[in-house]
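# A structural walkthrough
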Amino acid sequence: MSQHEPLGFGHPKVQRLRRLVGRRSARYDEGAFVIEGPGLIAEAVAAGWSIEAQFVAPGGTPVYGASQVFELGVGVIERVASTETPQPLLAIAAMPARSLGDLVRPTFIAVAAAIADPGNLGTILRSAEAAGAEAVVTLAGTVDCYSPKVVRSSAGALFHIPVIGPATPADLSAMGLIVVGTSSHEGVAYSEFDWTQPVAVMVGNEAHGVSDDLAVDARVTIPHRGRAESLNVAMAATILCFEVARQRTHHASRS
(Lines give C-alpha, C1' and ligand atoms only; values in the text may rest on other atoms or scores of the structure.)
Protein backbone atom coordinates (compact mmCIF):
# COMPACT_ATOMS: atom_id res chain seq x y z
CA MET A 1 0.00 0.00 0.00
CA SER A 2 1.07 3.59 -0.58
CA GLN A 3 0.78 4.83 3.00
CA HIS A 4 1.13 3.37 6.49
CA GLU A 5 -2.04 4.78 8.07
CA PRO A 6 -5.47 4.33 6.46
CA LEU A 7 -6.92 7.54 5.07
CA GLY A 8 -9.69 9.14 7.08
CA PHE A 9 -12.74 10.92 5.69
CA GLY A 10 -11.13 14.34 6.08
CA HIS A 11 -7.99 13.49 4.12
CA PRO A 12 -7.59 15.63 0.96
CA LYS A 13 -7.38 12.54 -1.26
CA VAL A 14 -10.68 11.26 0.14
CA GLN A 15 -12.34 14.65 -0.23
CA ARG A 16 -11.20 14.77 -3.86
CA LEU A 17 -12.59 11.28 -4.39
CA ARG A 18 -15.89 12.44 -2.92
CA ARG A 19 -16.02 15.45 -5.25
CA LEU A 20 -15.38 13.28 -8.31
CA VAL A 21 -18.18 10.92 -7.29
CA GLY A 22 -20.70 13.66 -6.64
CA ARG A 23 -19.99 16.57 -8.97
CA ARG A 24 -19.95 16.66 -12.75
CA SER A 25 -18.08 19.97 -12.69
CA ALA A 26 -15.29 18.43 -10.63
CA ARG A 27 -14.96 15.52 -13.06
CA TYR A 28 -14.59 17.78 -16.08
CA ASP A 29 -12.37 20.33 -14.31
CA GLU A 30 -9.94 17.52 -13.49
CA GLY A 31 -10.54 15.25 -16.47
CA ALA A 32 -11.06 12.31 -14.10
CA PHE A 33 -13.88 10.13 -12.80
CA VAL A 34 -14.50 7.30 -10.34
CA ILE A 35 -15.01 3.61 -11.10
CA GLU A 36 -16.65 1.53 -8.37
CA GLY A 37 -15.93 -2.15 -7.77
CA PRO A 38 -13.15 -4.56 -8.75
CA GLY A 39 -14.98 -6.00 -11.76
CA LEU A 40 -15.36 -2.68 -13.55
CA ILE A 41 -11.88 -1.54 -12.54
CA ALA A 42 -10.40 -4.75 -13.97
CA GLU A 43 -12.43 -4.19 -17.17
CA ALA A 44 -11.03 -0.67 -17.50
CA VAL A 45 -7.47 -1.88 -16.93
CA ALA A 46 -7.88 -4.66 -19.50
CA ALA A 47 -9.19 -2.10 -22.01
CA GLY A 48 -6.11 0.06 -21.50
CA TRP A 49 -7.64 2.95 -19.56
CA SER A 50 -5.36 5.05 -17.38
CA ILE A 51 -6.01 4.36 -13.68
CA GLU A 52 -4.53 7.03 -11.41
CA ALA A 53 -5.19 5.48 -8.01
CA GLN A 54 -7.17 2.79 -6.19
CA PHE A 55 -8.78 3.19 -2.77
CA VAL A 56 -9.33 0.03 -0.76
CA ALA A 57 -11.74 -0.34 2.16
CA PRO A 58 -11.03 -2.83 4.96
CA GLY A 59 -11.40 -6.34 3.57
CA GLY A 60 -10.97 -5.23 -0.03
CA THR A 61 -8.30 -6.25 -2.53
CA PRO A 62 -6.90 -3.93 -5.23
CA VAL A 63 -6.88 -4.86 -8.89
CA TYR A 64 -3.46 -6.07 -9.99
CA GLY A 65 -1.36 -3.82 -12.17
CA ALA A 66 -3.32 -0.63 -11.75
CA SER A 67 -1.74 2.45 -10.20
CA GLN A 68 -1.12 3.61 -6.66
CA VAL A 69 -3.13 1.99 -3.90
CA PHE A 70 -4.40 3.73 -0.77
CA GLU A 71 -6.09 2.13 2.23
CA LEU A 72 -9.25 3.72 3.57
CA GLY A 73 -10.24 3.78 7.22
CA VAL A 74 -13.25 1.99 8.63
CA GLY A 75 -16.53 3.54 7.45
CA VAL A 76 -14.92 5.93 4.96
CA ILE A 77 -16.00 4.28 1.72
CA GLU A 78 -19.64 4.26 2.89
CA ARG A 79 -19.49 8.07 3.06
CA VAL A 80 -17.87 8.44 -0.36
CA ALA A 81 -19.32 5.85 -2.75
CA SER A 82 -22.57 6.42 -4.64
CA THR A 83 -24.30 3.21 -3.49
CA GLU A 84 -25.79 2.34 -0.11
CA THR A 85 -23.79 -0.88 0.15
CA PRO A 86 -20.59 -0.07 -1.74
CA GLN A 87 -18.04 -2.56 -2.96
CA PRO A 88 -14.76 -2.23 -1.07
CA LEU A 89 -12.77 -0.74 -3.96
CA LEU A 90 -12.84 2.57 -5.83
CA ALA A 91 -10.52 3.88 -8.50
CA ILE A 92 -9.87 7.23 -10.15
CA ALA A 93 -9.49 7.02 -13.92
CA ALA A 94 -8.52 9.62 -16.50
CA MET A 95 -11.11 10.70 -19.06
CA PRO A 96 -9.88 10.13 -22.61
CA ALA A 97 -9.80 13.11 -24.94
CA ARG A 98 -12.18 12.27 -27.77
CA SER A 99 -13.83 14.11 -30.66
CA LEU A 100 -15.86 13.32 -33.76
CA GLY A 101 -12.67 13.78 -35.72
CA ASP A 102 -11.42 10.50 -34.22
CA LEU A 103 -14.05 8.59 -36.22
CA VAL A 104 -12.95 7.67 -39.74
CA ARG A 105 -15.90 7.27 -42.12
CA PRO A 106 -18.27 5.82 -39.50
CA THR A 107 -21.32 3.91 -40.71
CA PHE A 108 -23.19 3.18 -37.46
CA ILE A 109 -23.42 5.57 -34.52
CA ALA A 110 -25.94 5.64 -31.68
CA VAL A 111 -27.03 9.10 -30.56
CA ALA A 112 -28.39 10.04 -27.13
CA ALA A 113 -30.42 13.26 -27.33
CA ALA A 114 -31.13 14.81 -23.93
CA ILE A 115 -31.25 11.45 -22.11
CA ALA A 116 -31.84 12.34 -18.45
CA ASP A 117 -31.67 9.04 -16.59
CA PRO A 118 -28.18 7.61 -15.92
CA GLY A 119 -29.46 4.04 -15.99
CA ASN A 120 -30.94 4.57 -19.43
CA LEU A 121 -27.74 6.05 -20.83
CA GLY A 122 -25.70 3.19 -19.38
CA THR A 123 -28.00 0.66 -21.01
CA ILE A 124 -27.80 2.51 -24.34
CA LEU A 125 -24.00 2.29 -24.16
CA ARG A 126 -24.24 -1.41 -23.39
CA SER A 127 -26.64 -2.14 -26.25
CA ALA A 128 -24.78 0.01 -28.78
CA GLU A 129 -21.48 -1.67 -27.99
CA ALA A 130 -23.05 -5.13 -28.13
CA ALA A 131 -24.67 -4.41 -31.50
CA GLY A 132 -21.44 -3.20 -33.05
CA ALA A 133 -21.91 0.58 -33.12
CA GLU A 134 -18.69 2.50 -33.67
CA ALA A 135 -19.50 5.19 -31.10
CA VAL A 136 -22.19 6.75 -28.94
CA VAL A 137 -22.60 10.48 -29.47
CA THR A 138 -24.36 12.62 -26.88
CA LEU A 139 -26.33 15.78 -27.63
CA ALA A 140 -26.76 18.74 -25.28
CA GLY A 141 -28.77 17.98 -22.16
CA THR A 142 -27.70 14.35 -21.86
CA VAL A 143 -26.57 13.10 -18.46
CA ASP A 144 -22.83 12.80 -17.86
CA CYS A 145 -21.53 9.50 -19.21
CA TYR A 146 -18.88 9.46 -16.45
CA SER A 147 -21.33 9.69 -13.55
CA PRO A 148 -21.04 6.65 -11.25
CA LYS A 149 -24.47 5.29 -12.13
CA VAL A 150 -23.84 5.48 -15.89
CA VAL A 151 -20.47 3.77 -15.43
CA ARG A 152 -22.10 0.97 -13.41
CA SER A 153 -25.12 0.47 -15.64
CA SER A 154 -22.97 0.34 -18.78
CA ALA A 155 -21.56 -2.94 -17.40
CA GLY A 156 -18.12 -2.15 -18.78
CA ALA A 157 -19.32 -1.04 -22.23
CA LEU A 158 -18.07 2.50 -21.51
CA PHE A 159 -14.53 1.15 -21.68
CA HIS A 160 -15.03 -0.44 -25.10
CA ILE A 161 -17.03 2.08 -27.16
CA PRO A 162 -16.09 5.74 -27.66
CA VAL A 163 -18.54 8.20 -26.11
CA ILE A 164 -18.28 11.63 -27.74
CA GLY A 165 -20.11 14.87 -27.13
CA PRO A 166 -21.78 17.18 -26.95
CA ALA A 167 -22.44 17.29 -30.69
CA THR A 168 -25.27 18.37 -32.98
CA PRO A 169 -27.22 16.61 -35.76
CA ALA A 170 -25.43 18.92 -38.22
CA ASP A 171 -22.10 17.54 -37.04
CA LEU A 172 -23.31 14.03 -37.82
CA SER A 173 -24.71 14.98 -41.23
CA ALA A 174 -21.36 16.55 -42.09
CA MET A 175 -19.79 13.13 -41.57
CA GLY A 176 -22.01 11.62 -44.26
CA LEU A 177 -24.42 9.96 -41.82
CA ILE A 178 -28.18 9.77 -42.28
CA VAL A 179 -29.61 11.03 -38.99
CA VAL A 180 -32.62 8.90 -38.03
CA GLY A 181 -34.78 10.03 -35.13
CA THR A 182 -37.21 7.81 -33.25
CA SER A 183 -40.86 8.68 -32.72
CA SER A 184 -43.74 7.08 -30.86
CA HIS A 185 -46.31 8.25 -33.42
CA GLU A 186 -44.81 9.02 -36.84
CA GLY A 187 -42.37 7.66 -39.36
CA VAL A 188 -41.77 4.37 -41.11
CA ALA A 189 -41.74 1.15 -39.10
CA TYR A 190 -38.18 0.55 -37.89
CA SER A 191 -38.03 -2.89 -39.54
CA GLU A 192 -38.83 -1.38 -42.95
CA PHE A 193 -36.09 1.23 -42.86
CA ASP A 194 -32.82 0.56 -44.71
CA TRP A 195 -30.25 0.43 -41.93
CA THR A 196 -27.46 -0.73 -44.23
CA GLN A 197 -26.76 2.92 -45.09
CA PRO A 198 -24.36 4.99 -42.94
CA VAL A 199 -26.68 5.96 -40.07
CA ALA A 200 -26.82 7.83 -36.80
CA VAL A 201 -29.60 6.23 -34.73
CA MET A 202 -31.02 8.90 -32.42
CA VAL A 203 -33.15 8.27 -29.34
CA GLY A 204 -34.52 11.13 -27.26
CA ASN A 205 -35.51 12.35 -23.85
CA GLU A 206 -37.57 10.00 -21.67
CA ALA A 207 -40.50 12.42 -21.37
CA HIS A 208 -40.42 14.24 -24.71
CA GLY A 209 -38.62 11.97 -27.18
CA VAL A 210 -36.52 13.37 -30.01
CA SER A 211 -37.34 17.06 -30.13
CA ASP A 212 -39.03 18.45 -33.24
CA ASP A 213 -36.37 21.16 -33.14
CA LEU A 214 -33.64 18.64 -33.96
CA ALA A 215 -32.87 18.35 -37.66
CA VAL A 216 -33.18 14.69 -38.62
CA ASP A 217 -33.24 13.14 -42.09
CA ALA A 218 -35.86 10.51 -41.29
CA ARG A 219 -38.03 9.25 -38.46
CA VAL A 220 -38.84 5.68 -37.55
CA THR A 221 -41.29 4.20 -35.11
CA ILE A 222 -41.58 0.90 -33.25
CA PRO A 223 -45.16 -0.31 -33.73
CA HIS A 224 -46.88 -1.74 -30.66
CA ARG A 225 -49.96 -3.79 -30.16
CA GLY A 226 -50.49 -3.09 -26.46
CA ARG A 227 -51.77 -0.04 -24.64
CA ALA A 228 -48.39 1.54 -23.88
CA GLU A 229 -47.88 4.89 -25.60
CA SER A 230 -44.16 4.34 -25.97
CA LEU A 231 -41.29 2.09 -24.91
CA ASN A 232 -38.58 2.89 -22.40
CA VAL A 233 -35.89 4.78 -24.33
CA ALA A 234 -33.13 2.29 -23.51
CA MET A 235 -35.36 -0.57 -24.67
CA ALA A 236 -36.11 1.28 -27.89
CA ALA A 237 -32.41 1.93 -28.47
CA THR A 238 -31.68 -1.77 -27.96
CA ILE A 239 -34.30 -2.83 -30.51
CA LEU A 240 -33.04 -0.33 -33.10
CA CYS A 241 -29.34 -1.09 -32.63
CA PHE A 242 -29.90 -4.80 -33.06
CA GLU A 243 -32.08 -4.20 -36.11
CA VAL A 244 -29.15 -2.33 -37.64
CA ALA A 245 -26.91 -5.29 -36.83
CA ARG A 246 -29.45 -7.80 -38.17
CA GLN A 247 -29.93 -6.04 -41.50
CA ARG A 248 -26.21 -5.61 -42.01
CA THR A 249 -25.48 -9.25 -41.25
CA HIS A 250 -28.21 -10.32 -43.66
CA HIS A 251 -26.93 -7.91 -46.32
CA ALA A 252 -23.35 -9.16 -45.93
CA SER A 253 -24.45 -12.78 -46.19
CA ARG A 254 -26.15 -12.05 -49.53
CA SER A 255 -23.24 -10.07 -51.00
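Let me sum up the structure you'll find in this document. Here, residues in each chain are numbered from 1, in the same order as that chain's written sequence. Residue-level local features of this predicted model are given only where pLDDT is at least 70; pairs of side-chain atoms are given and counted only at 80 or more, and the full residue set underlies all totals for whole chains, interfaces and linings. Side-chain descriptors were evaluated using all non-hydrogen atoms of the structure, hydrogens and water having been removed beforehand.

## Structural notes on helix H1 (residues 12–22)
Three- or four-residue spacings in an α-helix give side chains the same orientation, since the helix completes a turn every 3.6 residues. Here is the rule: Three labels apply to residues, based on accessible area from a 1.4 Å probe with only protein chains included: buried if under 20% of the type maximum, exposed if over 50%, partly exposed otherwise in between. Helix numbers and strand numbers start at the N terminus; a helix is a DSSP run of H or I with at least 4 residues, a strand a run of E with at least 2. Note: the arc covers the axis-to-C-beta directions of the helix. In what follows, a contact means two residues having at least one pair of non-hydrogen atoms within 4.5 Å.
Those residues of H1 that sit buried are Val-14, Arg-16, Leu-17, Leu-20 and Val-21. Projected down its long axis, H1 shows its buried positions confined to an angular sector of 160°, all on one face. What points out from H1, more than 90 degrees from its buried face, is the exposed set Pro-12 and Gly-22. Packing partners of the buried residues in H1 comprise helix H2 (24–30), strand S1 (32–36), strand S2 (51–56), helix H4 (76–80), strand S4 (89–94) and helix H6 (148–153).

## Thoughts on the sheet that holds S1
The test is simple: The pairing criterion is simple: DSSP has to find at least two bridges between the two strands. For helices, the fitted axis covers only the stretch in contact; all axes are lines through C-alpha atoms, and the angles between them, taken along N-to-C directions, range from 0 to 180 degrees.
Strand order in the open sheet formed by 4 strands is S1-S4-S2-S3, and the pairing between neighbours is mixed. Here the strands that pair on one side only, and so sit at the sheet edges, are S1 and strand S3 (68–71). Across the sheet, the axes of successive neighbouring strands diverge by a mean angle of 20°, strand direction being ignored. Sheet topology places S2 next to S4; 5 bridges connect them, and they run antiparallel. Across the sheet, residue Ile-51 finds its bridge partner in S4, namely Ala-93. Here H1 sits on the sheet and contacts S1, S2, S3 and S4; the angle it forms with S1, its principal contact strand, is near 90°.

## So, the sheet that holds strand S10 (residues 199–203)
With parallel pairing, 7 strands are arranged side by side in an open sheet as S7-S6-S5-S10-S8-S11-S9. The open sheet has two edge strands with one neighbour each: strand S7 (163–167) and strand S9 (188–189). Strand direction decides the pairing type here: strand S8 (residues 178–183) and S10, joined by 4 bridges, are parallel. In the sheet register, Gly-181 faces S10, and the bridge partner there is Met-202. Strands in contact with helix H5 (residues 118–131) are strand S5 (108–112), strand S6 (135–139), S7 and S10; relative to S5, the strand with the most contacts, it is inclined by about 175°.

Don't take any of this as a statement about function, it's just geometry.
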